[in-house]
Amino acid sequence: MGTSDLPSCAPMATLLFGFCLVSLLPEFAAGITRHYTFNIMYQNVTRLCHTRSIISVNGRFPGPRLVAREGDRVVVKVVNHVSNNVTIHWHGVRQLTSGWADGPAYVTQCPIQTGQSYTYNFTITGQRGTLLWHAHISWLRSTLYGPIIIFPKRNESYPFRKPHKEIPILFGEWFNVDPEAIINQSLQTGAGPNVSDAYTINGFPGPLYNCSSQDIYKLKVKPGKTYLLRLINAALNDELFFSIANHNLTVVEADAVYVKPFNTDKLLITPGQTTNVLLKTKPYFPNATFLMEARPYFTGRGTFDNSTTAGILRYKRPSNLSSSKKLPLFKPTLPAINATNFVANFTRKFRSLASAKYPANVPLKVDKKFFFTVGLGTNPCPKNTTCQGPTNTTKFAASVNNVSFALPSIAILQSYFFGQNNGVYTADFPINPPIPFNYTGTPPNNTNVSNGTRTVVLRFNTSVELVLQDTSILGAESHPLHLHGYNFFVVGLGFGNYDPNNDPKKFNLVDPMQRNTAGVPAGGWIAIRFFADNPGVWLMHCHLDVHTSWGLRMAWIVLDGPQPNQKLPPPPSDLPQC
Ligand code: C2O
């Protein structure tokens, strides 16, 4: 790994462009400090012949790369120049005792208001690979997202052969209209929100859409080389299948954790997940170009964007080949839209390295067990009005253990830390479903959820087992669940209702995959385990933003431990106020 992989630029360039700086401080074994400035600003972007003023970081779409090595400190000054409130979340960064820098609005911080700034300051500890940053308020993530690239420490290497080149591949969703208007309208009428107009690869919809000839991502490669593709799903509401025609991929890392390498020609990536794959190019010039495609995996009942984004994989021509010859174009085959079996089989292939160097510290004994149902439900429509939810007297809602989580008006972490609860939240989140029922069977008559800001309080270092059970109340549907502040081990996965007597016998406690975002299968469950070793307030939610907006979220409060390095320090002085 050479230093050429890292950005370097003069301090003046940083002042001018704000997106690139390598600290001038001497390097300590513990890592260096990397400073970034994120100016949140408007930028005109044209896709599919529609020009929209989007909210961007530094005028770029997708946003700039954040690059660091394991052990480095990252300092990002976020300055808000737009009229919306903004926060940024460093998705998957563990934020050990730096919960003030996590970013979810009204959970760890009040939003950064127009004209204000906040400096996120955190150290990357024990992680290497790919993550993503994104806005964490309303639907601003639709255009505010970018890669986090974490290289191994200076004297360390990858547990696989050093690739010739590394390329971030970000999936997103493009809307011809302002997504804020879409979600605001949906929350008002109770209807499902309008769907996106296209999926994107590195911001480009690709050639399968109308009016897209300017909007194609092209990856140029040389024959006989290995490329590391850093796949990131930043799409708002859709899990995606991905494949490159006539090429195999080797999965080597997920959510900034190495995995036992495995080969596949198609994969699934949910919003919030990252997957590093090795692409070995053909040993010769293939006389063809190849499409890489992504399109949704969808199990719900509503409407969704059933389109396909594509980019082009093109080989550099040998100089003796005329460039006028048009090459044939090969297309990949992707699984069916609702290929739940493919997804389950693919998910089961992920295994931790579980080596001496990268052990899998799975909690073997469990202090606290939780059983949470996740899924959709309804809220009644306000009196004397009609709504456009599942019926005209209901609005769509979503819940965990039938609690639809309401964001408070000041940040929970602030209120917790300063002991000024004043009804901001309660500590009585149900550890089991309030009324057990046949979760994946005939739905109950009453589909209404309850509403509240309820949390679970955990003692420092509690070992937690959590079963996440999908419900079929409004139709079985897969939910990519994301936990802030932690990686967890997925020790079990199954279909139907979780069986507490027999299913634990099949748990993998040896080399389960470790992630920050895992799909709860449509009509099934997953069991996860983690040590609550990071004090703070940590959001857990479905990473389909429409479900988050409907309340499919909750928060864990993890208390300080006895040692000084097990306590959450006071907030930085520029922490935004509500
Ligand atoms: Cu990537 Cu709470 O989010």
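Residues numbered from 1 in each chain as written. Predicted model: local features only at pLDDT ≥ 70, side-chain atom pairs only at ≥ 80, totals over all residues. Heavy atoms only, no water.

A. Main features of the state of the cysteines. All chains considered together, the criterion is met by three disulfides. The partner cysteine of Cys110 in its disulfide is Cys578, sulfur to sulfur 2.1 Å. Disulfide Cys110-Cys578: torsion about the S-S bond near -105°, hence left-handed. Placement of the pair is Cys110 in the loop between strand E5 (88-91) and strand E6 (117-123) and Cys578 in the segment after strand E33 (553-558), with a sequence separation of 468 residues. On the accessibility criterion, Cys110 (1% relative accessible area) is buried. Overall, Cys578 belongs to the partly exposed group, its relative accessible area being 46%. In this model, Cys381 is linked to Cys387 through a disulfide, with the two sulfur atoms separated by 2.0 Å. Between Cys381 and Cys387, the disulfide has an S-S torsion of 85° and is therefore right-handed. Pair check on accessibility: Cys381 and Cys387 agree, each one buried. (Disulfide = S-S within 2.5 Å. Helix = DSSP H or I, 4+ residues; strand = E, 2+ residues; numbered from the N terminus. Buried < 20%, exposed > 50% of the residue type's maximum accessible area, 1.4 Å probe, protein only.)

B. Representation of the pairing of strand E2 (residues 50-57) in the model. Looking at chain direction, strand E1 (residues 33-47) and E2 are connected through eight bridges and run antiparallel. The partner of Gln43 across the bridge, within E2, is Ile54. Connecting E1 to the next strand, E2, in antiparallel fashion are two residues, including Leu48 with a positive phi near 55°. (Pairing = 2+ DSSP bridges.)

C. Structural view of the packing of aromatic side chains. Summed over the entire model, instances satisfying the criterion amount to 35 aromatic pairs. Their ring planes at 50° and their centres at 5.9 Å tell us that Phe38 and Trp90 sit as a pair that is tilted. Of this pair, Phe38 sits in strand E1 while Trp90 sits in strand E5, and the two are 52 residues apart along the sequence. Considering the side-chain rings of Phe38 and Trp133, the 4.8 Å spacing of their centres and the 55° angle between planes classify their relative orientation as tilted. Within this pair, whereas Phe38 is found in strand E1, its partner Trp133 is found in strand E7 (residues 129-135), the two being separated by 95 residues in sequence. Here Phe38 matches Trp133 in class, with each residue buried. Ring pairing ties together the aromatic residues Phe370, Phe372, Phe429, Tyr486, Phe530, Trp538 and Trp556, which thus form one cluster. Taking the ring centre of Trp174 as reference, the NZ or CZ of Arg52 above it sits at 5.1 Å. The side chain of Arg515 reaches across the aromatic face of Phe350, ending 5.0 Å from its centre. (Phe/Tyr/Trp six-rings, centres within 6.5 Å; stacked < 30°, edge-to-face > 60°. Lys NZ or Arg CZ within 6 Å of the ring centre and 35° of its normal.)

D. Just the pairing of strand E31 (residues 524-531), in detail. Burial of E31 is extensive: seven of the eight residues sit out of reach of the surface. Bridge analysis of strand E26 (residues 463-470) against E31 gives seven bridges, and the strand direction is antiparallel. Bridged to Ser463 within E31 is Phe531. Bridge analysis of strand E28 (residues 488-495) against E31 gives six bridges, and the strand direction is antiparallel.

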